[in-house]
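The primary structure of each chain is shown beneath.
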Amino acid sequence: MLHLKRNLLRSLTRRSILAGLLLSVIMAFYCLSSTVQINIHRMSQESPCLQTQNETSNMSGQESHCVPKTNLMFMKTHKTASSTLLNILFRFGDKHHLKFALPDGRNDFFYPSFFHHSHVRDYRPGACFNVIGNHMRFNRLEAEQLLPPGAAYFTILRDPAEVFESSFHYYHRVVPFTWFIPGDDKLTAFLEDPAQYYDPDGFNSFYLKNLLLFDFGYDNLLEANDPHVTQAIQEVSERFQLVLLAEHFEESLILLKDALCWEMEDLLFLKFNVRKGSSVSRLSPALRAKALRWNSADWRLYRHFNNSFWAKVEAYGRHRMERDVKDLRRRNAEMRALCVEGGAAVDPTGIKNTELVPWQPMGEKSIMGYNLRKDIGSQHAELCRKMLTPEIQYLSELGVNLWVTRLWGWLKDSVFWLS
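Predicted, not measured: the structure shown is a model, and the values here were computed from it.

Asker: How would you summarise the state of the cysteines if you had to cite specific residues and measurements?
Answerer: All chains considered together, the criterion is met by two disulfides. Across the disulfide, Cys66 is cross-linked to Cys261 (sulfur-sulfur distance 1.8 Å). Here Cys66 and Cys261 share a disulfide; its torsion about the S-S bond, -125 degrees, makes the bridge left-handed. Here the residue Cys66 occupies a position in the loop between α1 (2–32) and β1 (72–75), and Cys261 occupies one in the loop between α9 (249–260) and α10 (285–294), the gap between them amounting to 195 residues.

Asker: So what about unusual backbone geometry? Which residues, and what values?
Answerer: A cis geometry characterises the amide bond from Tyr111 onward to Pro112, with omega recorded as 10 degrees. If you trace the backbone, Pro112 turns up in the loop between β2 (100–101) and β3 (131–132). Notably, Phe110 is not glycine yet its phi reads approximately 55 degrees, a positive angle. By secondary structure assignment, the location of Phe110 is in the loop between β2 and β3.

Asker: Residues and numbers for the packing of α9 against helix α12 (residues 318–339), please.
Answerer: At a minimum axis separation of 9 Å, α9 and α12 run at an interaxial angle of 105 degrees. In terms of orientation, α9 and α12 fall into the roughly perpendicular class. Across the interface between the two elements, Glu250, Glu251, Leu253, Ile254, Leu255 and Asp258 from α9 touch Arg320, Met321, Asp324, Val325, Leu328 and Arg329 from α12. In the contact of α9 with α12, the residues fall into six nonpolar, no polar and six charged.

Asker: So what's going on with the nonpolar core? Which residues, and what values?
Answerer: Ranked by size, the top nonpolar core spans 105 residues in total, and within it Phe154 and Phe190 carry the most contacts. Excluding its chain neighbours within four sequence positions, the residues that come into contact with Phe190 are Phe164, Phe168, Phe177, Ile181, Tyr197, Tyr198 and Trp294. Counting residues in each nonpolar core, the second largest holds twelve residues, with Leu268, Leu356, Tyr370 and Ile376 among its members.

Asker: If you had to explain the packing of aromatic side chains to someone new, which residues and values would you point to?
Answerer: The full count for this structure, using the stated rule, is 26 aromatic pairs. Relative to Phe214, the ring of Tyr111 lies with its centre 6.1 Å away and its plane at 85 degrees, an arrangement referred to as edge-to-face. With Tyr111 in the loop between β2 and β3 and Phe214 in helix α7 (residues 211–215), the pair connects residues that are 103 residues apart, well separated along the chain. For the pair Tyr111 and Phe214, a shared accessibility class is recorded, and that class is buried. With a centroid separation of 6.4 Å and an interplanar angle of 80 degrees, the aromatic rings of Phe272 and Tyr370 are classed as edge-to-face. Of this pair, Phe272 sits in the loop between α9 and α10 while Tyr370 sits in the loop between α12 and α13 (378–388), and the two are 98 residues apart along the sequence. The exposure classification of Phe272 matches that of Tyr370, with both residues buried. Within the aromatic cluster, the residues linked to one another by ring pairs are Tyr111, Tyr170, Tyr171, Phe206, Tyr207 and Phe214.

Cut-offs applied
Residues numbered from 1 in each chain as written. Predicted model: local features only at pLDDT ≥ 70, side-chain atom pairs only at ≥ 80, totals over all residues. Heavy atoms only, no water. Disulfide = S-S within 2.5 Å. Helix = DSSP H or I, 4+ residues; strand = E, 2+ residues; numbered from the N terminus. Axes fitted to C-alpha atoms, helices over the stretch in contact; angles between N-to-C directions. Parallel < 35°, antiparallel > 145°, perpendicular 65-115°, else oblique. Contact = heavy atoms within 4.5 Å. Nonpolar A, V, L, I, M, F, W, Y, C, P; charged D, E, K, R; others polar. Core = buried A, V, L, I, M, F, W, Y, C linked by side-chain atoms within 4.5 Å. Buried < 20%, exposed > 50% of the residue type's maximum accessible area, 1.4 Å probe, protein only. Phe/Tyr/Trp six-rings, centres within 6.5 Å; stacked < 30°, edge-to-face > 60°.

In short, the description is geometric, and any link to function would need to be established separately.
Here it is, written out as C-alpha cells:
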C-alpha cells in the first residue's frame, strides 16, 4: 500500500510539474503574441480610406432617403453579449457582400494592444473596408483610417458588476495573482478585499478592473471622480452614435435597426456564450455593491449611457418600441424552433457537431451551444447554420487563418488534461 501511495505521489508530482511548465509556455506565448503596443494618440502616416459609395445615415433619426447603412464599426466589448451581436453583423455582411477588416492569425486584433491597421489581414495602404467588429483595444485614429467617412460607430455595455462576475469566471485562470486567493469562492474573497490581491502590474490584470473603460482605450485604474473619466465619457459619446445595453438587448437591436435602416430579419439571433447556471455566481446585494465600487469608473460610464439609451427609447416611442420588441421576440422564437434541435441551448458535452462547439474558458466546459435540426428545409438551412455558428468557426469561414488562436486553445486544454 505504501508503495502504491509513493507511486501515485510521484505521478501527481510529475504531472503537476509538466502542467506548470506548459502553463509557463502558454503565458510566454500569449505575451509574445500580444507585444505590439501602439500610441493611441499617434496619427498614422498611411493613406486613409476614401469613401467608395454614397450612403445616407439615419443616425440623426431622419426618415427621408433611408438606405441600409453598410459602413460599420462595432466596438466589441468583453462580456456584454457582444458575440451575439457580432453574429448578427457577420450575417448582415454576408448578405450584402461587405468587406470585413479581419484579424490575422487570431480572433482579435492583438488585444490587449491598442488597435493598429497593421493588425488587419491583407492590409494595403489606402485599403477601404465596410465592417470592423472583432475584439480590440480601441484606437479611434486607426479605426477611422480603414472606414469611409460617415461610417456608423456603435458599441454595447453591460452592468459592470455583471461584467466583473463574468470576466472573473472566464479569465481568472489566466490572471496569475488570482491563483493565490484562498478558498473555493475566489470571487467573494477577492471582492471582500481587492487591494490585498490585485496587482495592477500583474499579467492580464486589466480583465478584473474597469474592463469596459480599458476596452475603449483608457486607463483601467481610474476612479469614478477622476477628470479623465469625464473626458473618456465625452470622447465615447462623440465617436459612437449609438451605445447599446446588454440588459435590454432586444430594445437595443430595435434602436440599431432604426439607426442603420436595417430590416427586422437582419436582427434575428440566438444567444452566444451563455454559461451553465451552475457556473454563474449570483451576486448578493452586498457583493454587487462591492463589485460596483471596485469598478467605479465603469459604473459611471454605464450610468451615463444608460441615461442616453432611455432618452433614445423615448424619442423612438415607448409603445412603438414595445410593439417592435414583441415582433422581434416572436420571429426569434419561430427561428429557434425551426433551427435548434430541442429549441434550447445545451451543455457543450451535448453538442453533436464539433463545428458548433463554442470556445471554452481555461479549465472547464461551461459555455453552452446548440444542435442544428436535421429536418430544416432548404429555404432556411443556410440561415439556421449561420445563426448557430460560433465566432471562431465563423471567422474561419470568412477566411481567417486562426493558427494562433487554435494553438492557444490546444495549449490551455493540455494544461488541464495534465493536471
